[in-house]
Amino acid sequence: MFRRRSNSHHDQENNEQQSESKIVELKNALGPLSGRSSKYCTDACLKRYLEARSWNVEKSKKMLEETLSWRSTFKPEEIRWHEVAVEGETGKVYRANFHDRYGRTVLILRPGKQNTTSIDNQMRHLVYLIENAILNLPEGQEQMAWLIDFTGWSFSTNVPVKSARDTINILQNHYPERLAVAFLYSPPRIFEAFWKVVKYFLDPKTFQKVKFVYTKNKDSVELMRSYFDVDNLPTEFGGKARLEYNHEEFSRLMAQDDVKAANLWELDNKHHNGTTNGYSGAEVVPEPEFLASAAS
């Protein structure tokens, strides 16, 4: 017992060294990268892909290459709010103005407020908001939390299975280790049939992150409150805050963030050869003076 304790620090160092060597191994396996791919593939990014594939370098490489291919065609960093704003008019998905207890960005999803029919546009809107959630992470935090409110959800307004599957695939395949937890708050009984189909699209790691919260189930409510301060949490999720989505206000906020994102990816000057490492900037919130210059 005593020996194990004295070795714990040593074990931690060993683990860190092993993960470092795996990151180097993955970097070498990927070969030279250029442009946005090299910006995207920071050490923190490689580590997330390795974690998602249980530190198997070959599988992580395959996964990462598929993401780089997806990003080169989908171009998530180029989506601007005005292109997807119509999707946000009812506030069916938006970034909350509070973080969880761990400083994670929070996305609120309200599928009962679905207002459009094009799944492609819905996915662009969601990807834009995932990128925006990442952009707004505090230093040292890489993950977001999702709160899903089922008010108004029914089979007529519901998310078609294809849309749920696309959402899961994008999140699992192209944003590994970005979701910390997703709370499904008081889903109606009818949702259970839908869930039976949808859960097969989830890999075991993502499945573990999905938590059902029922107001009558004390443990589930306590679990949710261990992540969120009740004063921040909207009443729709059993908290004390008033949830008001103001589309104009949110649009102004997103327009400011679009400037920030363009600076981060150096999209305003594609031939700029500066040494900023782009996406690692998206993994930590920019310095306040950068924020001020981006907003001015």
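Just so we're clear, the structure is a prediction, and the values are computed from it rather than from any experiment.

### Quick look at the packing of aromatic side chains
Point 1. Taken as a whole and judged by the stated rule, the model has 23 aromatic pairs.
Point 2. Seen from their ring centres, Trp 70 and Phe 74 are 4.9 Å apart, and the 25° between their planes marks the pair as stacked. Remark: Phe 74 and Trp 70 occur in helix α4 (residues 57-74); sequence separation between them is four residues, near one turn of the helix.
Point 3. Ring geometry for Tyr 94 against Phe 250: centres 6.0 Å apart, planes inclined by 80°, an arrangement best described as edge-to-face. Here Tyr 94, found in strand β1 (residues 93-99), pairs with Phe 250, found in helix α11 (residues 247-265); they are 156 residues apart in sequence, far enough to count as distant.
Point 4. With relative accessibility at 5%, the residue Tyr 94 sits in the buried group.
Point 5. Among the aromatic residues, those joined into a cluster by ring pairs are Phe 150, Trp 153, Phe 191, Phe 194, Trp 195, Phe 207, Phe 212 and Tyr 214.
Point 6. Between Arg 165 and the ring centre of Phe 201, over which it is positioned, the NZ or CZ distance is 5.9 Å.

### A short note on α4
Side chains that are three or four residues apart share a direction in an α-helix, a result of its 3.6 residues per turn.
Point 1. The first and last C-alpha atoms of α4 sit 25 Å apart over 18 residues, in line with the 26 Å expected at 1.5 Å per residue.
Point 2. Considered for burial, the residues of α4 that qualify are Val 57, Ser 60, Lys 61, Met 63, Leu 64, Thr 67, Leu 68, Trp 70 and Arg 71.
Point 3. With a side-chain oxygen positioned 3.0 Å from the backbone nitrogen of Glu 58, the residue opening α4 is Asn 56.
Point 4. A positive phi of about 50° marks Lys 75, the residue just after α4.

### Some points on the pattern of salt bridges
Point 1. Summed over all chains, the structure comprises 18 salt bridges.
Point 2. Two residues, Glu 66 and Lys 62, come together in a salt bridge whose shortest N-O distance is 2.8 Å. Taken together, the positions of Glu 66 and Lys 62, both in helix α4 and four residues apart, correspond to about one turn of that helix.
Point 3. Accessibility expressed as a relative area gives 42% for Glu 66, which makes it partly exposed.

### Here's the deal with helix α8 (residues 191-198)
Point 1. Those residues of α8 that fall on the buried side of the exposure criterion are Phe 191, Phe 194, Trp 195 and Val 198. The buried residues of α8 all sit within an arc of 100° when viewed along its axis, so they share a single face.
Point 2. Contact partners of the buried residues in α8: α7 (161-174), β4 (179-185), α9 (204-209) and β5 (210-213).

### Some words on unusual backbone geometry
Point 1. Not every positive phi belongs to a glycine, and Lys 75 is a case in point at roughly 50°.
Point 2. Along the chain, Lys 75 turns up in the loop between α4 and α5 (81-84).
Point 3. The phi dihedral of Glu 177 is positive, around 60°, even though this residue is not glycine.
Point 4. If you trace the backbone, Glu 177 turns up in the loop between α7 and β4.

### Brief notes about the pairing of strand β3 (residues 144-149)
Point 1. Of all six residues making up β3, six are buried, and the element is well covered by its neighbours.
Point 2. Burial along β3 is two-sided: the residues Met 144, Trp 146 and Ile 148 and Ala 145, Leu 147 and Asp 149 are all buried.
Point 3. Where strand β2 (residues 105-109) lies against β3, five bridges are found, and the strand directions are parallel. The partner of Ile 108 across the bridge, within β3, is Leu 147.

### Remarks on the sheet that holds β2
Strand pairing in a sheet is mediated by backbone hydrogen bonds. Such pairs are either parallel or antiparallel.
Point 1. The sheet built from five strands is open, its strands ordered β1-β2-β3-β4-β5 with mixed pairing. Strands with a single pairing partner mark the edges of an open sheet, and in this sheet they are β1 and β5. Within this sheet the neighbouring strands show an average axis-to-axis angle of 25°, counted without direction.
Point 2. Bridge analysis of β4 against β5 gives four bridges, and the strand direction is parallel. The partner of Leu 184 across the bridge, within β5, is Phe 212.

Calculation notes
- Counting of residues starts from 1 at the beginning of each chain's written sequence and follows it residue by residue.
- The predicted origin of the model limits local features to residues at a pLDDT of at least 70 and limits the giving and counting of side-chain atom pairs to 80 or more, whereas totals for whole chains, interfaces and linings rest on all residues.
- Note that the side-chain values use all heavy atoms of the structure and ignore hydrogens as well as water.
- For Phe, Tyr and Trp, rings pair up if their centres lie within 6.5 Å, where Trp contributes its six-membered ring, and each pair is then called stacked (planes under 30 degrees apart), edge-to-face (over 60) or tilted (otherwise).
- Helix and strand definitions follow DSSP, with helices as H or I runs of at least four residues and strands as E runs of at least two, each counted in order from the N terminus.
- Under the scheme applied here, a residue whose accessible area is under 20% of the maximum for its type counts as buried, over 50% as exposed, and between as partly exposed, the area being computed with a 1.4 Å probe on protein chains only.
- Note on criteria: charge over ring means Lys NZ or Arg CZ within 6 Å of the ring centre, with the direction from the centre no more than 35 degrees off the ring normal.
- Take the number of residues in a helix, subtract one, and multiply by 1.5 Å to get its expected span.
- Any pair of nitrogen or oxygen atoms within 3.5 Å is treated as a polar contact; in protein, a donor-acceptor pairing is required on top of that, and neighbouring residues in sequence qualify only through side-chain atoms on both sides.
- Whenever Lys or Arg places a side-chain nitrogen within 4 Å of a carboxyl oxygen from Asp or Glu, that contact is recorded as a salt bridge.
- Relevant arc is that of directions from the helix axis to the C-beta atoms, nothing else.
- Between two residues, a contact is recorded if the distance between any of their heavy atoms is within 4.5 Å.
- Should DSSP find at least two bridges between two strands, the strands are taken to pair.
- Fitting a line to C-alpha atoms yields each axis, with helices limited to the stretch in contact; the angle taken between N-to-C directions then spans 0 to 180 degrees.

None of this, on its own, says anything about what the molecule does.
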